[in-house]
Amino acid sequence: MPEIALSKTYDYIFAGYGAAASLLILQLHHKNLLDKLNILIVDPERKNKNDKTFCFWANKDEDIVKDLKHLIKHSWSNVLIQNAGNTPLAPLTYHHISSIDLYDELLKLEKSYNWDRLISAVDKVSSDENGAFIIAKGEILRGKKIFDSRTPIYEKTKAGETHIFQSFVGWEIETNRLIENPDTCRLMDFDVEQKGSTQFMYVLPFSPTTALVELTRFGSEILCETAAEKQLQDYIHKHFGEFKKQAIEIGCIPMSNAEIRNDTLKDVVLLGARNYKVKPSTGYAFKNMYHHASELVNSISNLKTPKELNVEHAKAPTGRFAFYDSLLLHILKNKPQNGKIIFQDLLKGVEINTVLRFLDEKTSFSEDLKIFAKLPWSPFLSALFYKITQMSWFRPFILMLLCLLLIFLGKGTFLQSIIGYGLLITGLITVGIPHGAVDHLIETGKWDSKKAPRFILTYLLQAAAMAFLWYLLPELAIIIFLVYSSWHFGQADGKQWGFSPVLSFIWGVFLLFYILGTHMKETNSITSIIGHLTLPIAFPSWVIIPWIIWSIIRKQASFSLTLIWLFLSSQLPLLFAFGIYFIGQHSITSWKHISAHLKLSNRKIWLQSLPFHTGAWIILMLFIYFYPASKGFNVQDTSQWGIFFIFIACISLPHVISMQSLYTKKSD
Ligand SMILES: Cc1cc2nc3c(=O)[nH]c(=O)nc-3n(C[C@H](O)[C@H](O)[C@H](O)COP(=O)(O)OP(=O)(O)OC[C@H]3O[C@@H](n4cnc5c(N)ncnc54)[C@H](O)[C@@H]3O)c2cc1C
């Protein structure tokens, strides 16, 4: 292997030398675009094993078939579909390429061009003012263009995203008896136990006596060899009788619509799985990668120099097919038992050519509707409902409807009070108080009996200090309360909408004073009692309009809708306006941040919050009973709710401090 010179700058560096890089190099070679180029290939694997079976369907006139004809090992013109029998695929054909044939072809090119090859992992792909570079084996190697097809790393799934696996164990077998119709492949035969996932068999006959029989699983759990063994054996015996196992294929493809961790770097082109070329709902990628390579080769041949090639910014696919994929992934993850019936109905009810065009994302919307009409509706409807509820605009939209309803019911009416206070109390019990009752978990993630007593004591002392300050200097206490509330509200909202810390604080101040200032009379009736302070001027409700315009420019529907319902809430009593913000926006948003940090389900967090949550209510009762200003407390009298706000101020001080540590951790 030629020595790698530290200072050498290559024309192209291929970080990763798998299918995507191979397909690109082949096409560049066919167009004579590799002559006189210095090329470096870096991959930790030698690529001398047959590790994958690449299958794809195509029309005989398609370029992929013409270009890769010499590599195509087997082709099938019919498919056997369970309950639908033997079906011709024409005009399509299902093709198979062994990965080793592709790698061997590349090895020949590598030798004839005399490229450099480094058997090593690339530790970093980056770029600076001098261009793009990689770091491998501790050395910096520069490339005018770097093609990065290293195995992707997926970000943690966000709401509405799903990450599962297509895992498979396949045996290449030799049978004693002749395989009927060796030009017929079997796709998705569900005549196997589902084992809590979606499982099926593929059979690809290579000759009248040899075939690849593969058990495939769609699901969260990866199929292992031992788990597949009995099912493969039973299936093969049932369909082909006695057999000899010749080779094994084990693989796993992420089925994911989560984001892939990628930096947008000048002169770095992302390829293959790293550039979202794997279709999330099927795991097929080969044809997508071929087409992507063709696009790149066209750009390179038009521009002539690699330096001019446009940098691509890989983005997760959007659009209707990505949406269909996300629905199916959701079903496969959460109701895997529905997978079998969905795929069976699809293959039984829809012509196979249409199914394959649909999977190639080539069908029209009206064809899509006809396909959906053949599928069971309820799993898709429930997945759709779930998706909608996870959309960022959904919660503010519901809060907007709630504001409209309360306005419609009329100020101070019996119905408005029943519904408003009912929701307020329910919200406080379910999320409002509990979201601040899991601070003990933020540090360690679990109940730590050694640290807990100190934590609780500090917590109570901080709360007591605030109560004491309020008792001594209510003016100062209320100002401090308003400042840390603005900080805290702004912090949670700012995280949600991607604001900087300064903007978050500005937003927090505006928001709090908007709610208070648009209810000046009620606010002053409370603050004058609990803090001996009043707001000097009222806020007209229209002052929110610049924020609305800005949110529209930012194209943040959830922010725009929040501003709209805040605007509407200026027409509601103060307690409802503040309660809707505190519970519907702040507590739920913070809860989501906490649950992402703790990686616990909502139910578990709520249960873990219960002792502190209960404690908080007990302290509130004692507070109301003992606090001097609470004598004769009357729920109907808004001004007397001040007692409740003092209580909130006391218990929220330690909570704000805890959440500050969580948010600083998150942004590390
Ligand atoms: C077993 C299997 C069978 C498949 N069958 C099909 C099929 O029939 N049809 C289809 O359409 N799709 C199929 N796929 C999906 C897809 O086509 C393949 O995963 C394909 O290999 C993806 O190409 P790629 O170049 O992105 O990744 P790969 O081919 O996996 O290549 C990535 C390369 O990067 C290297 N690498 C990883 N980390 C580093 C690093 N840090 N530095 C340098 N190099 C690194 C790896 O060693 C590897 O060589 C299959 C996938 C698997 C796993």
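A. Examining the overall build of the chain more closely. Helix and strand content of the chain: 22 helices and 17 strands. On the principal axes, the C-alpha backbone points of the chain span a range of 95 × 60 × 50 Å. Evaluated residue by residue, the chain yields a buried proportion of 51% over its 668 residues. Here the contacts in the chain between residues at least 6 apart in sequence split such that 74% fall between residues at least 24 apart.

B. Focus on the nonpolar core. Core analysis: the largest hydrophobic core is formed by 75 residues, its most contacted members being Met-466, Trp-470, Trp-507, Ile-515, Trp-565, Leu-566 and Ile-580. Ranked by the residues each element gives to this core, the list is headed by helix α22 (residues 642-667), at 13 residues.

C. Representation of the pairing of strand β14 (residues 198-207) in the model. Where burial is concerned, most of β14 is hidden: nine out of the ten residues are buried. In the sheet, strand β13 (residues 184-189) pairs with β14 via two bridges, with the strands oriented antiparallel. Its bridge partner lying in β14, Asp-189 is registered against Met-201. Judged from the nine bridges that link them, β14 and strand β15 (residues 210-219) form a sheet pairing that is antiparallel. By the bridge assignment, Tyr-202 is partnered in β15 with Glu-214.

D. How the structure looks around the domain arrangement of the chain. Domain boundaries in the chain define domain 1 (9-156 + 258-308), domain 2 (163-256), domain 3 (320-390) and domain 4 (394-667). Computed from C-alpha atoms alone, the centre-to-centre distance between domain 1 and domain 3 is 29 Å. Across the contact, 16 residues belong to domain 1 and 13 residues belong to domain 3. Roughly 1300 Å² is buried in total at the junction of domain 1 and domain 3, and carbon and sulfur atoms are behind 62% of that figure. It is Trp-57, Lys-279 and Ser-281 that lose the most area in domain 1 upon contact with domain 3, and together they represent 39% of the buried surface on that side.

E. Fine view of the sheet that holds strand β12 (residues 163-175). Strand order in the open sheet made by the seven strands is β6-β5-β13-β14-β15-β12-β16, with mixed pairing throughout. The strands lining the two open edges of the sheet, one partner per strand, are β6 (85-88) and β16 (243-256). Across the sheet, the mean angle separating the axes of adjacent strands is 20 degrees when strand polarity is ignored. Looking at chain direction, β12 and β16 are connected through 13 bridges and run antiparallel.

F. Quick peek at the packing of aromatic side chains. Counting across every chain of the model gives 46 aromatic pairs. Lying over the aromatic face of Trp-171, Lys-245 brings its terminal NZ or CZ to 4.2 Å of the ring centre.

G. The arrangement of helix α21 (residues 602-626) in detail. Look at α21: 34 Å from first C-alpha to last across 25 residues, which is about the 36 Å you get at 1.5 Å a residue. The sharpest bend along α21 reaches about 50 degrees and sits at Leu-610, with the proline Pro-611 one to four residues further on. Residues of α21 that are buried include every one of Ile-605, Ser-609, His-613, Ala-616, Leu-620 and Phe-623, and no others.

H. Looking closely at the side chain of Ser-281. Its place among the elements puts Ser-281 in the loop between β17 (268-270) and α5 (286-303). The exposure class assigned to Ser-281 is buried, which follows from its relative accessible area of 4%. Here Asp-325 takes part through its side chain, which lies 2.6 Å from a polar atom of the side chain of Ser-281. Sequence-distant contacts of Ser-281, defined by excluding residues within four places in its chain, comprise Phe-218, Met-255, Asp-325, Leu-328 and Leu-329.

I. Focus on the site of the ligand. What surrounds the ligand is a group of 31 residues, the closest being Asp-43, Lys-47, Cys-55, Val-122 and Ala-285. A distance of 2.9 Å separates an oxygen atom of the ligand from a polar side-chain atom of Lys-52. Between Thr-53 and the ligand, the recorded distance is 2.8 Å, taken from a backbone N or O atom to an oxygen atom. Burial of the ligand by the protein chains amounts to 88% of its free accessible area of 960 Å². Broken down by secondary-structure element, the contributors of at least two residues to the shell around the ligand are α1 (19-30), β2 (39-43), β3 (53-59), β16 and α5.

J. Structural view of the side chain of Lys-279. Residue placement: Lys-279 occurs in the loop between β17 and α5. What makes Lys-279 buried here is its relative accessible area of 7%. Reaching out from Lys-279, the side chain makes a polar contact with the side chain of Asp-325 at a distance of 3.1 Å. If we ignore the near neighbours within four places in the chain, the residues touching Lys-279 are Tyr-284, Asn-288, Phe-321, Asp-325, Leu-359 and Glu-361.

K. Region of the structure containing the pattern of salt bridges. Across all of its chains, the model carries 20 salt bridges by this definition. Here Arg-357 makes a salt bridge to Glu-367, at a shortest N to O gap of 2.5 Å. Of this pair, Arg-357 sits in helix α8 (residues 352-359) while Glu-367 sits in helix α9 (residues 365-373), and the two are ten residues apart along the sequence. The class of Arg-357 is partly exposed, set by a relative accessible area of 32%. The structure contains a network of salt bridges with shared partners spanning Glu-62, Lys-287 and Asp-360.

L. Structural detail: the sheet that holds β3. Pairing within the open sheet is antiparallel, and its three strands lie in the order β3-β7-β4. Since the sheet does not close on itself, it has two edges, and those belong to β3 and β4 (72-76), each with one partner. Strand-to-strand twist of the sheet, defined as the mean angle between neighbouring strand axes without regard to direction, takes the value 30 degrees. Pairing of β4 with strand β7 (residues 92-98), which is carried by four bridges, proceeds in the antiparallel orientation. Across the sheet, Ser-75 pairs through a bridge with His-95, a residue of β7. Of the strands in this sheet, β3 and β7 are in contact with α5, which crosses β3 at around 70 degrees.

M. Spatial organisation of the environment of Pro-182. Within the secondary structure, Pro-182 is located in the loop between β12 and β13. Residue classification places Pro-182 among the partly exposed positions, given a relative accessible area of 30%. Residues Pro-182 and Pro-317, spaced 135 residues apart in sequence, show a C-alpha to C-alpha distance of 37 Å. In this structure, Pro-182 is in contact with Trp-76, Pro-205, Ser-207 and Pro-208, ignoring residues within four places of it in sequence.

N. The packing of helix α16 (residues 501-517) against helix α19 (residues 557-569), seen in detail. Taken N-terminus to C-terminus, the directions of α16 and α19 make an angle of 25 degrees; their axes are 11 Å apart at the nearest point. Classified by the interaxial angle, the pair formed by α16 and α19 is roughly parallel. Judged by residue contacts, Trp-507, Leu-511, Tyr-514 and Ile-515 of α16 engage Phe-559, Leu-563, Leu-566 and Phe-567 from α19. Residues that form the contact of α16 with α19 fall into these classes: eight nonpolar, no polar and no charged.

Conventions adopted
Within every chain, residues take consecutive numbers counted from 1 along the sequence as written. Owing to the predicted nature of the model, reporting of local features is limited to residues with pLDDT of at least 70; listing and counting of side-chain atom pairs is limited to 80 or more, with chain, interface and lining totals taken over all residues. Only hydrogens and water are removed before side-chain values are computed, so all heavy atoms of the structure are retained for them. A run of H or I in DSSP counts as a helix once it spans at least four residues, and a run of E counts as a strand once it spans at least two, with each numbered from the N terminus. A simple rule labels every residue: compare its accessible area, found with a 1.4 Å probe on the protein chains alone, to the largest value its type can have, and call it buried under 20%, exposed over 50%, or partly exposed in between. By the convention used here, residues are in contact when the closest approach between their heavy atoms is within 4.5 Å. The nonpolar core is taken to be a set of buried Ala, Val, Leu, Ile, Met, Phe, Trp, Tyr and Cys residues, with the residues joined through side-chain atoms within 4.5 Å. The pairing criterion is simple: DSSP has to find at least two bridges between the two strands. Each domain span listed reflects an automatic or database assignment of domains. When two parts are brought into contact, each loses some accessible area as probed by a 1.4 Å sphere; the total of that loss over both is the buried area. Note on definitions: angles span 0 to 180 degrees between N-to-C directions of axes, and those axes are lines fitted to C-alpha atoms, for helices only across the stretch in contact. Pairing of aromatic rings covers Phe, Tyr and the six-membered ring of Trp, with a centre-to-centre limit of 6.5 Å; geometry is then stacked below 30 degrees between planes, edge-to-face above 60, and tilted otherwise. Charge-over-ring placement is defined geometrically: NZ (Lys) or CZ (Arg) within 6 Å of the ring centre, and within 35 degrees of the ring normal. Helix span, as expected, comes to 1.5 Å for every residue beyond the first. At every residue, the bend is computed as the angle between two fitted axes, covering the seven residues ending there and the seven beginning there respectively. N or O atoms within 3.5 Å of each other form a polar contact, as long as, within protein, one can give a hydrogen and the other can take it, and as long as residues adjacent in sequence are counted only when both atoms are side-chain atoms. In this text, near means that some heavy atom of the residue lies within 4 Å of the molecule or strand in question. In these tables, accessible area is a Shrake-Rupley quantity obtained with a 1.4 Å probe, and a residue counts as shielded only by the protein chains included in the view. For salt bridges, the criterion is a side-chain nitrogen of Lys or Arg within 4 Å of an Asp or Glu carboxyl oxygen. Here the word oblique covers every angle except those under 35 degrees (roughly parallel), over 145 (roughly antiparallel) and from 65 to 115 (roughly perpendicular). Put simply, Ala, Val, Leu, Ile, Met, Phe, Trp, Tyr, Cys and Pro go in the nonpolar bin, Asp, Glu, Lys and Arg in the charged bin, and everything else, Gly too, in the polar bin.

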